[in-house]
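What follows is each chain in one-letter form.
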Amino acid sequence: MSKVERIENGKVIELKQKPIIAYDLIEAKGKEVEQRLSELNIDAIDVNEDNLKLIKSTRSEIRKEFELLENQRKMVKELIMKPYNDFEAAYKEHIANRFKGADFKLKEKVSVVENDLLYKKTDALKSYFDEINDLDFVSFDDIGLKITRSVSDKKLKEEIASFVEDMKMAVDTIKTLQNSDRVMAKFQIVKDLNRAISETNIEIEREAQIKKQKEERERLAEERKKAQQSINEEIEQHKEKSNADEKESVQNKPKLYKASFTVTGTVEQITDLKKFMNEKGISYESK
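Quantities reported herein were computed from a predicted structural model and do not represent experimental measurements.

(A) Just the packing of helix H2 (residues 52-132) against helix H3 (residues 153-175), in detail. Look at H2 against H3: their axes get within 10 Å of each other, and the N-to-C directions meet at 30°. Considering the angle they form, H2 stands roughly parallel to H3. Considering only the axes of H2 and H3, their crossing is right-handed. Contact residues: H2 offers Lys121, Leu125, Tyr128, Phe129 and Ile132, while H3 offers Asp153, Leu156, Lys157, Ile160, Ala161, Val164 and Lys168. For the contact of H2 with H3, the class distribution of residues is eight nonpolar, no polar and four charged.

If you want it as structure tokens, here you go:
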């Protein structure tokens, strides 16, 4: 490619002539519009069916005049904007797009280099973590380290060492606690000592409540069972006693004999005899 002559930036874009818009009469026209609208006395027009035609015709009249002025404004804007739009299209094609394209390529190259440096930095920090950490349930990602090129390796390593030390101290503390196995199991999940202790205590309390509720249900069920058994036994005893009483009653009942005889006596004597037999429970047939 042949060498291109360098052009000073200040000479590339120049405004040769400022746009001239003649609008000296616009203020006077505005006063004329104001007077005409005032004469129409729009606010005083009653809103009813009789005035509907008047309202529509008045609106149509002022819209037509406004549309004429709007068309003039849009024409002026279009005439002014056309040379600018043509200039902007040429500017983008020959200058802006080329600068932006070059900037994008350079940005990508910067990202490639910086990402590679960040990867190497992260890899070195992971190696340091592996050297000082002997807890198999703790990973590098658990630290939540924010690695950037602006933060020094020394500061990041201090954060790693502090985190690992906190984890080891937490493990030592857990060993001294009641229910240490359960707290340790929870700690390995949440990686937070206070949270592990709190959640474990809540779980133990809940389990105790569930156990107590179960025991209470079983106790009440056993009491109901015993009460029902007692009722059944009483019913059975009552049945047995009733059967025995009935059997005894049948056994003790005297044997009845039937005898026929003729009684001779006065009416009073026969009446007394019937009374006597009734008192003794002796049945008889009267003929």
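(B) Structural detail: the side chain of Thr122. Following the sequence through the fold, Thr122 ends up in helix H2. If we ignore the near neighbours within four places in the chain, the residues touching Thr122 are Phe140 and Ile147.

(C) Structural context of the side chain of Thr200. On the secondary structure map, Thr200 appears in helix H5 (residues 193-252). Of the residues examined, Thr200 reaches a relative accessible area of 0% and is grouped as buried. If near-sequence neighbours (up to four positions away) are discounted, Thr200 is found in contact with Arg182, Val183 and Lys186.

(D) Quick peek at the environment of Lys18. If you trace the backbone, Lys18 turns up in the segment before helix H1 (26-40). In sequence terms Lys18 and Ile80 are 62 residues apart; their C-alpha atoms lie 9.9 Å from each other.

Definitions and cut-offs
- Residues numbered from 1 in each chain as written.
- Predicted model: local features only at pLDDT ≥ 70, side-chain atom pairs only at ≥ 80, totals over all residues.
- Heavy atoms only, no water.
- Axes fitted to C-alpha atoms, helices over the stretch in contact; angles between N-to-C directions.
- Helix = DSSP H or I, 4+ residues; strand = E, 2+ residues; numbered from the N terminus.
- Parallel < 35°, antiparallel > 145°, perpendicular 65-115°, else oblique.
- Left-handed = near helix turned anticlockwise from the far one by under 90°.
- Contact = heavy atoms within 4.5 Å.
- Nonpolar A, V, L, I, M, F, W, Y, C, P; charged D, E, K, R; others polar.
- Buried < 20%, exposed > 50% of the residue type's maximum accessible area, 1.4 Å probe, protein only.

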